[in-house]
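Observations on chain architecture
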Amino acid sequence: MKILLLLAWRQLVRQRLQSALTLLGIALGVAVVVAVDLANESSSRALERTLDALTGTATHHIVGPPRGFDEALYLRLRLQGVRASAPVVEGFIRIGGETWRLLGIDPLAESRFRPQVESTDEGALRRLMVEPGSVLAPPRGARHADAEGRMVAEAGGRTEVLRLAGTYRSNAGIDDLLLADIATAQTLLDRVGRLDRIDLQLSASQVEEVAAMLPPGLHVEEAEARRGHTEQLARAFQINLRAMSLLALLVGAFLVYNTVAFGVIRHRELLGTLRAVGATPHQVVMLVMGQALLMGTLGTVLGVLGGLVLGDVLLALVTRTINDLYFVLSVREVTVAPGSLLLGGGMGVAVTLLAAGIPAREAARVAPLTVQRRSHLERRTGRGALIGAVVGAPLILIGLLLPQLAERSLLAGFVALGLIMIGAGALVPLLVAGIGAIGSRVVRGVLGRRAVRGLSAGLSRSGIAVAALAIAVSATVGVTVMVDSFRVSVADWLEAILVGDVYVAPPGTVSSRVDGTLDPSVVERFRALPGVAAVRGTRRVEVMAESGPVSLLAVEAVSHTRDRFTLLAGEPESAWQAFRAGEAVFASEPLAFHRRIEPGDRIELMTDRGMREFPVAAIYRDYGSEAGVVAMGMSIYRQLWDDPDHSSLVLYAAPGVPTDTLLANARAAAAELSQTLEVRSNEAIRSVSLAIFDRTFTVTRVLRLLTVLVAAVGIFGALSAMQIERAREHALLRSLGVTPGGLFLLVGLETALLGLVAGLVAIPLGVVTAEVLIDVINRRAFGWSMDLVVPPAVPLEALTLAVGSALAAGIYPAWRMARTPPALALREE
């Protein structure tokens, strides 16, 4: 056995290029898995720390209307014996171009809820309570203060000057949280006399007792329930990232199998000789698997180290996406979790061993008497192609049917995608054989016919290479089509909903999460603006539903409001009439999917008058919120919620008034107001929204590029190995008079043909992959539906990648063969 191990090591050392490429392919696949897992783990832990800092040791919260509730309730509860309670006002402000979470607290009551308060210097706490506009900041926040401790903040379009009362140390590592006295926070966030919630520490027996003390519109909520809802928002996004990383690993598995299989084919004579001198099939299997284990272990170690570096890059992208879509999160460093390293390392070794299993079994079946006969290997490969087709077709069918059988399972989508890819890979050798057989009868010319006949005559080499190349290219096609389809769908949706001409709102895009409402004087000023035909006011808040928090969009029903909604389900005319009359609401597609709502169902919402049921008249398309939105008319919202505020205004130009003129008039009016406003055209809003979309998918594009890199390395290694394995065949051609230039041309034709076939297979397989990603995985993770859009450039890009990779892989072997004397290459080993 020692001799076999030495032999295995010697083969790896002698084939330095192939060994290095295989190592690099495994390392890249493992690095992607480790990096994604580390980024997800780090962002999840940061989210937990942020929620811990916000919730403290509270077990329950009293929550109520969107605008908060009267602060007098807190005093009444204290007088009635609810001593373990603390008032909270929460919102977002901007300082130094950064978004900061502002938490208004009562320092005297908060010491039992938050360690930041308990550990803060008494002098700083005293200044916080006594000096108006004072805040406590983490050490990082102190850099925004001048020499006198003043900081300029922007809140709801108003500029305020804050004073740094001191800093606090947070064991949780949170560095984007400002603490202020209740009165300061109420003033900054325009909530004077109102609270957002009251934190409580209650036993199970006290919950009902406290709930009975509350007026209509307020209720007691478990702290863990709110945490769970927030964490769930980011979970689907993280699952999709993990799916992308596993896709890269699946591509790597095919390429490792390709490389190991070529190694077995190339050394079949050596393996036959070992069998002839007494090596058992078991020892041959151990030889092949030992080589694979060694390569897998080395590649995994390199991959884990690379994953630690790549994790830093992905973490920044993941954090930015979570901030854009779900929750303001601050993550400064990667959390190195042993589980993430073990996951990536274990998968790297396991995938390598699984990929080497079939070639190892083939190596054990090498018979000493038949090893010299290439025809025997090709006949056996032809039978294997038939078996592969018999196995592959049912796998594809199962993969297509599985999502229908498990209608909401996200795991079923991942399994289906894997089955389809494996099944397609198993079908490729038979397809290659058929193309070679047909092409050899059609193509004319010596070199052309030889290149085409090589597909079927050398099926043991070409079948594996084309399958691996097709799988690799199809993965990139699938992700490209999915992202482009999503972008086209979002662009069409924006085109549909942005029917107004000018949009007015307090400063801050979706990503900044800055709270703010329009002053009543602002609303009246714009309603009276010359050149305005109509004004549509909107209000967006968060309310409680029977199954957790939900976004509520209230819109004024003007003549253009109907164009704002693209209905996917429900009878349009009757639904719109019920919506305008305030008799029904619309549910966004993600909300309807996740909570299984259909037109005609009813949804319960907590209003200022208590829980009310609303009939759902229609389901509408919306890509603005993965959690989902309930839309209702402004009139019914005003009746049930004591909230006269507007979040934004949409201005419609009068006939004959150009949009640019209305935009200029609106900006001139805004400049005269005390509140700072953002006044934008619909084109500007569309551009900002698409920029956020593109930023959101940056991490997906990075993972796609990494997948392409894994594929490129593996393809080069595999096809180079195939050409090197044919060295004696090429030497024979040289000895028969083929010039180095002719050999170059032959190898170019052969590899280009391999790439062309792989590209043609990859295009439909990539489209099917995109269909699964769109209609199954993304649908079940986010609740969005979208149309499949295949950009015209994608097929050309797929063919270019496949043919270009194949040609690049054939250059080195052809150059090496042209420099090698034929007699040396023909010499017996």
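Residues numbered from 1 in each chain as written. Predicted model: local features only at pLDDT ≥ 70, side-chain atom pairs only at ≥ 80, totals over all residues. Heavy atoms only, no water.

Topic: the overall build of the protein
Definition in use: The helix and strand labels rest on DSSP assignments: H or I over at least four residues marks a helix, E over at least two residues marks a strand, and numbering proceeds from the N terminus. Relative accessibility thresholds used throughout: buried, under 20% of the residue-type maximum; exposed, over 50%; partly exposed, between the two (1.4 Å probe, protein chains only). Residue contacts are defined here by distance: any two heavy atoms, one from each residue, within 4.5 Å place the two residues in contact. Methods summary: accessible areas were calculated by the Shrake-Rupley approach with a probe of 1.4 Å, and residue burial reflects only the protein chains presented.
Scanning the protein from N- to C-terminus turns up 27 helices and 21 strands. For the protein, the proportion of its 829 residues judged to be buried stands at 55%. For the protein, contacts bridging at least 24 residues in sequence account for 82% of all contacts bridging at least 6. Of the roughly 34,400 Å² of accessible surface on the protein, a fraction of 60% belongs to carbon and sulfur atoms.

Brief notes about the pattern of salt bridges
Our working definition: Every case where a carboxyl oxygen of Asp or Glu lies within 4 Å of a side-chain nitrogen of Lys or Arg is listed as a salt bridge.
The final tally for this structure, using the stated rule, is 17 salt bridges. R150 is the partner of D146 in a salt bridge, and the nearest nitrogen-oxygen pair spans 3.2 Å. Taking relative accessible area as the criterion, R150 reaches 37% and is therefore assigned partly exposed. One salt bridge connects R680 with E678, and the closest N-O pair in it is separated by 3.4 Å. According to the relative accessible area criterion, E678 is partly exposed, its value standing at 23%. Shared partners join several salt bridges into a network, and the residues in it are R67, R539, D643 and D645.

Remarks on the nonpolar core
Test applied: To qualify as a nonpolar core, a set must consist of buried Ala, Val, Leu, Ile, Met, Phe, Trp, Tyr and Cys residues joined through side-chain atoms within 4.5 Å.
Core analysis: the largest hydrophobic core is formed by 36 residues, its most contacted members being I62, L73, I93, L102, L162 and I198. When contributions to this core are tallied by element, the ones reaching two or more residues are α3 (72-79), β3 (85-95), β4 (98-105), β5 (134-137), β6 (150-155), β8 (177-181), α7 (182-188) and β10 (197-200). Per-element accounting of this core gives the leading share, four residues, to β3.

So, unusual backbone geometry
Positive phi values are uncommon outside glycine, yet D190 reaches one of about 60°. In this structure, D190 sits in the loop between α7 and β9 (194-195). A residue is classified by how much of its surface remains accessible, and D190, at 43% relative accessible area, is partly exposed.

What to know about a nonpolar patch on the surface
Keep this limit in mind: Like-charged residues are merged into a patch within 9 Å and nonpolar side chains (Val, Leu, Ile, Met, Phe, Trp, Tyr) within 5 Å, provided each residue has over 30% relative accessible area and no salt bridge.
On the surface, V301, L305, L308 and V309 cluster together into a nonpolar patch covering about 350 Å² of accessible area. Among the structural elements, V309 can be located in helix α11 (residues 281-325). Under the relative-accessibility criterion, V309 is labelled exposed at 60%.

Considering the packing of aromatic side chains
Rule in force here: For this analysis, a ring pair means two rings from Phe, Tyr or Trp (six-membered ring only for Trp) whose centres lie within 6.5 Å, classed as stacked if their planes differ by under 30 degrees, edge-to-face if by over 60, and tilted for the remaining angles.
Taken as a whole and assessed by the stated rule, the structure comprises twelve aromatic pairs. Seen in terms of ring centroids, F565 and Y620 are 5.0 Å apart; in terms of plane orientation they differ by 85°. Their pairing is edge-to-face. In this pair, F565 is assigned in the loop between β14 (548-555) and β15 (567-569) and Y620 in strand β18 (residues 610-620), connecting sequence segments 55 residues apart. Aromatic pair F782 and W784: ring centres 5.1 Å apart, planes at 15°, arrangement stacked.

Side note on helix α18 (residues 572-580)
Filter applied, for reference: The directions from the helix axis to the C-beta atoms are what the arc is built from. Identification of polar contacts relies on pairs of N or O atoms within 3.5 Å, with a donor-acceptor requirement for protein atoms, meaning one able to donate a hydrogen and the other able to accept it, and with residues adjacent in sequence counted only if both atoms are side-chain atoms.
Taken together, the buried positions of α18 are occupied by A575, W576, A578 and F579. The buried side chains of α18 occupy one side of the element, clustering within an arc of 165° when seen end-on. Buried residues along α18 sit in contact with β14, β15, β16 (585-588), β18 and β19 (629-633). Backbone nitrogen of E573 and a side-chain oxygen of the N-cap are separated by 3.2 Å at the start of α18; the cap is E571. Immediately beyond the C-terminal end of α18, within one or two residues, lies G582, with a positive phi of roughly 75°.

A look at the environment of V483
Secondary-structure assignment places V483 in helix α16 (residues 459-497). For V483, a relative accessible area of 2% translates into the label buried.

Considering the pairing of β4
Side chains on a regular strand alternate between the two faces of the sheet. Our working rule: A pair of strands is treated as paired once DSSP finds two or more bridges between them.
Counting buried positions along β4 gives seven out of eight residues, so the element sits mostly inside the fold. Counted between consecutive antiparallel strands, the loop separating β3 from β4 contains two residues, among which G96 sits at a positive phi close to 60°. The sheet contact formed by β4 and β8 spans five bridges and is parallel. Note that in β8 the partner of I105 across the bridge is D181.

Focus on the environment of I603
Its place among the elements puts I603 in strand β17 (residues 602-607). On the basis of relative accessibility, which here comes to 3%, the residue I603 falls in the buried class. It is 5.5 Å that separates the C-alpha atoms of I603 and E613, two residues lying ten residues apart in sequence. Here I603 is in contact with E546, V585, L591, I597, R612, E613, F614, V616 and V630, once residues within four sequence places are set aside.

A look at the pairing of β16
A two-sided burial pattern is seen for β16, the buried positions comprising V585 and A587 on one face and F586 and S588 on the other. Inspection of the sheet shows β16 paired to β18 by four bridges, in the parallel sense. Following the sheet pairing, A587 is matched in β18 by I619. Pairing between β16 and β19: two bridges, direction antiparallel. The residue of β19 that forms the bridge with A587 is V630.

Examining the side chain of E589
Inspection of the secondary structure assignment puts E589 in helix α19 (residues 589-594). By relative accessible area, E589 is classed as buried at 6%. Apart from residues lying up to four places away in sequence, E589 is in contact with L568, I619, Y620, R621, R779, G783, W784 and S785.

A short note on the side chain of T476
Mapping T476 onto the fold places it in helix α16. At 2.6 Å, the side chain of T476 and the backbone oxygen of V473 are in polar contact.

Some points on the confidence of the model for the protein
What counts here: Per-residue confidence from the predictor is reported as pLDDT, a score between 0 and 100.
Averaged over the protein, the pLDDT score is 78; the fraction of residues at 70 or greater is 73%. Considering each helix and strand of the protein separately, the mean pLDDT is smallest for helix α5 (residues 115-118), with a value of 57, and largest for β16, with 94. Per-residue pLDDT stays below 50 along residues 509-514; that stretch engages in 21 contacts with residues further than four places along the chain or on separate chains.

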